[in-house]
Amino acid sequence: IEVVAVSKTRSADEVEAAYECGLRIAGENRIQEAASKRPHVTAPFAWHLIGHLQSNKAGQAVECFDLVQSVDSERLARTLDRRAGQAGRVMEVLLQVNTSGSESQFGIEPGKLMDLVAVLSPLAHLRIRGLMTIGAHSDDETVVRGCFSTLRELSETVAARGWQGNKVSMDYLSMGMSGDFEFAIAEGANLLRLGTAIFGSRST
């Protein structure tokens, strides 16, 4: 299990301190904040974009991040593929799935995931490394764990399909944040997005 240190609103010094504590992945929600912060962080983090990405900012994402966790549409994926090709690299991504059904959350519907993978798998400059989801905002453990178990089952379905080449692999199940990561681990998460649990509560 790997931990993404969610460094939204945190200073470069705080991010450096996280590295000294053994963390190796930094997660940012916004491109602009990452672009201004990353030059001041000397530690060799892998940088993940975990927030929603608009297609018109795909080029900036390719420049700033090692992996984008929040790809949720064909349009965005194709734009990332094109911009990654222009940059001479292969962009690693996770596909975000809306397992809670909440209209306030981004992500593709579970029933449409396989079709999206089929469309994206031939793209030359995109590599799908796994899936991501956000658990339901609920006090009911059964509801929250249901979101995570759904993502695990989807991952197993994708893996069983046996996509040609090395452009699709289910290496990562990114699910679980500071309030529900224990449930996520129980359901098979191997990439946790933790902010408050690492840095403490953000000042208002």
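As a reminder, the structure under discussion sits directly above these lines.
What comes next is a walk through the structure. Just so you know, these numbers come straight off a predicted model, no measurement behind them.

### So, the overall build of the protein chain
What the protein chain contains, in helices and strands, is eight helices and eight strands. The C-alpha atoms of the protein chain give 16 Å as radius of gyration, which agrees with the globular expectation for 204 residues (17 Å, within 12%). With respect to the principal axes defined by its C-alpha atoms, the protein chain has extents near 45 × 45 × 30 Å. Looking at the 204 residues of the protein chain, the share that counts as buried comes to 50%. Within the protein chain, residue pairs in contact and separated by at least 24 positions form 59% of the contacts whose partners lie at least 6 positions apart. A total accessible area of about 9800 Å² is found for the protein chain, and carbon and sulfur atoms account for 46% of it. One finds the centroid of the 21 positive side-chain charges in the protein chain at a distance of 7 Å from the centroid of its 25 negative side-chain charges.

### Re the layout of surface pockets
A water-sized probe rolled over the atoms picks out the places where empty space is left. Empty space within the largest pocket amounts to approximately 600 Å³. Of the residues contributing to the lining of the largest pocket, the split by class is six nonpolar, twelve polar and six charged. Estimated volume of the second largest pocket: approximately 170 Å³. What lines the second largest pocket is simply Asn-29, Arg-30, Ile-31, Gln-32, His-52, Leu-53, Gln-54, Lys-57 and Gln-60. Of the residues assigned to the lining of the second largest pocket, the class counts are two nonpolar, five polar and two charged.

### Side note on the nonpolar core
Within the largest apolar cluster, 57 residues are counted, with the highest numbers of intra-cluster contacts made by Phe-45, Phe-65, Leu-80, Leu-95 and Leu-113. The element best represented in this core is helix H6 (residues 141-161), accounting for six residues. When sequence neighbours within four positions are dropped, the list of residues in contact with Phe-65 reads Glu-28, Ile-31, Ala-34, Arg-38, Trp-47, His-48, Leu-49, Arg-89 and Met-91.

### With respect to helix H5 (residues 113-120)
Those residues of H5 that sit buried are Leu-113, Met-114, Leu-116, Val-117 and Leu-120. All buried residues of H5 project into a common sector of 160° when viewed along the axis, lining one side. Among the structural elements, helix H4 (74-86), strand E5 (91-96), strand E6 (126-132), H6 and strand E7 (168-174) are those in contact with the buried residues of H5.

Rules of the game
- Residues numbered from 1 in each chain as written.
- Predicted model: local features only at pLDDT ≥ 70, side-chain atom pairs only at ≥ 80, totals over all residues.
- Heavy atoms only, no water.
- Helix = DSSP H or I, 4+ residues; strand = E, 2+ residues; numbered from the N terminus.
- Rg over C-alpha atoms; globule rule 2.2 N^0.38 Å.
- Buried < 20%, exposed > 50% of the residue type's maximum accessible area, 1.4 Å probe, protein only.
- Contact = heavy atoms within 4.5 Å.
- Areas by Shrake-Rupley, 256 points an atom, 1.4 Å probe, with all protein chains shown as cover.
- Lys, Arg positive; Asp, Glu negative; His and termini not counted.
- Charge placed at Lys NZ, Arg CZ, Asp CG, Glu CD.
- 1 Å grid on protein atoms, 1.4 Å probe; cavity = no way out; pocket = protein on both sides within 12 Å on 5 of 7 lines; lining within 4 Å.
- Points joined across faces, edges and corners; volume = space filled by probe spheres on them.
- Nonpolar A, V, L, I, M, F, W, Y, C, P; charged D, E, K, R; others polar.
- Core = buried A, V, L, I, M, F, W, Y, C linked by side-chain atoms within 4.5 Å.
- Arc of directions from axis to C-beta.

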